[in-house]
Amino acid sequence: MNSDEKKQRVAKAALEYVVEDTIIGVGTGSTANYFINALATIKHKINGAVASSNATAERLKSHGIPVFELNSVDEISVYIDGADESNKYLHLIKGGGGALTREKIVAAVSQRFVCIADDSKLVDVLGQFPLPIEVIPMARSYVARELVKMGGKPIWREGFITDNGNFILDVHNLEILAPVELEVRLNKITGVVTNGLFASRPADVLLLGSDNGVKVLD
């Protein structure tokens, strides 16, 4: 079974976590896109969704799923999104698609965060996937210098602008042994909007698509 087939399998499994007659949060990326396709089959059971990116909002609308602005919503029952990496504690690296800030905001508002991924995303130590950091454009070089001092190798994702109008630095060469502490430390760098570590608010459930079905970690 290839990666796409595993993603499709886990996306369908995530439908069990959708809370009927509520507004749910929906993430961004290839696995989230498969989830949106699956969600369209039960769209009559929910009131609508909050999207973590403009691309996700457009995809939801194309399936006839109502999209709400977060500021007009009091609560989100569940947030369903993919990840670039996860450890066994459900600490995540996200942001490969550049939507990390809005993803982190939607996750913070949601009562439950269900992460969906193929089994290749589960690692012992986070950091093999470059850690995305969203930065204010004028602070790009300064933040990059600070990251080098921390042992990272930041690479500017040239030509990419986030939905918030900011830049992304992808930080290589990090072995993230203390995700919560590093998340807090990175966010203290002036000019950083947020970073792609979801450790202070990790996933509540991780669904992993595999050749043998869907594995549940919680």
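Residues numbered from 1 in each chain as written. Predicted model: local features only at pLDDT ≥ 70, side-chain atom pairs only at ≥ 80, totals over all residues. Heavy atoms only, no water.

### Some words on helix α3 (residues 54–62)
Next up, step 1: Buried within α3 we find Thr56, Ala57 and Leu60. For α3, the buried positions fall inside an angular range of 100° around the axis, keeping them on one side. Exposed residues pointing more than 90 degrees away from the buried face of α3 are listed as Ala55 and Ser62.
Next up, step 2: In the core, the buried residues of α3 are packed alongside β1 (23–26), α2 (30–39) and β2 (48–51).
Next up, step 3: Among the residues trailing α3, Gly64 stands out with phi positive, at a value near 80°. (Buried < 20%, exposed > 50% of the residue type's maximum accessible area, 1.4 Å probe, protein only. Helix = DSSP H or I, 4+ residues; strand = E, 2+ residues; numbered from the N terminus. Arc of directions from axis to C-beta. Contact = heavy atoms within 4.5 Å.)

### A word on the environment of Gly95
Next up, step 1: Along the chain, the position of Gly95 falls in the loop between β5 (92–93) and α4 (100–109).
Next up, step 2: Counting along the chain gives 103 residues from Gly95 to Phe198, while the straight-line C-alpha distance between them is 10.0 Å.
Next up, step 3: In contact with Gly95, other than residues within four places in its own chain, are Asp84, Leu100, Glu103, Pro132 and Arg157.

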